[in-house]
Amino acid sequence: MRILSLCTSAGLWDKAWIEAGHEVIAGCEVADHKRVMYLGWCPSTEGFLEADINNLAKKVKGMKFDGVIGGIPCQS
């Protein structure tokens, strides 16, 4: 399955899905240090992880997803 992960935080939830054999497309994380941590846990998602959700929308336009990991945003 291809999963879109929104509000990724450090990526531990995404890592579990990746380890289960699914493709996870990283979404948005505002905090620089959490994006660095995320790429340490989930390097296969590099190229999609964004600080601004508007940039992510442009990258995934037209892609089909089987599910969404929708973390609660910690920033306004």
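Use the structure listed above.
So, here's what we can say about the structure. (Residues numbered from 1 in each chain as written. Predicted model: local features only at pLDDT ≥ 70, side-chain atom pairs only at ≥ 80, totals over all residues. Heavy atoms only, no water.)

A few points about the packing of aromatic side chains
Per the stated rule, a full pass over the model turns up one aromatic pair. Relative to W17, the ring of W13 lies with its centre 6.4 Å away and its plane at 85°, an arrangement referred to as edge-to-face. Taken together, the residues span about one helical turn, with W13 and W17 both in helix α1 (residues 12–19) at a distance of four residues. You can call W13 exposed: its relative accessible area is 55%. (Phe/Tyr/Trp six-rings, centres within 6.5 Å; stacked < 30°, edge-to-face > 60°. Helix = DSSP H or I, 4+ residues; strand = E, 2+ residues; numbered from the N terminus. Buried < 20%, exposed > 50% of the residue type's maximum accessible area, 1.4 Å probe, protein only.)

With respect to the nonpolar core
Ranked by size, the top nonpolar core spans seven residues in total: I3, V24, A26, Y38, C42, L49 and I69. Discounting residues that sit within four places of it in the chain, A26 has contacts with S5, T8, Y38, T45, F48, L49 and L56. (Core = buried A, V, L, I, M, F, W, Y, C linked by side-chain atoms within 4.5 Å. Contact = heavy atoms within 4.5 Å.)

Some words on the environment of V30
Positionally, V30 belongs in the loop between β2 (23–26) and α2 (32–41). Measuring from C-alpha to C-alpha, the distance between V30 and D52 comes to 6.9 Å, with 22 residues separating the pair along the chain.

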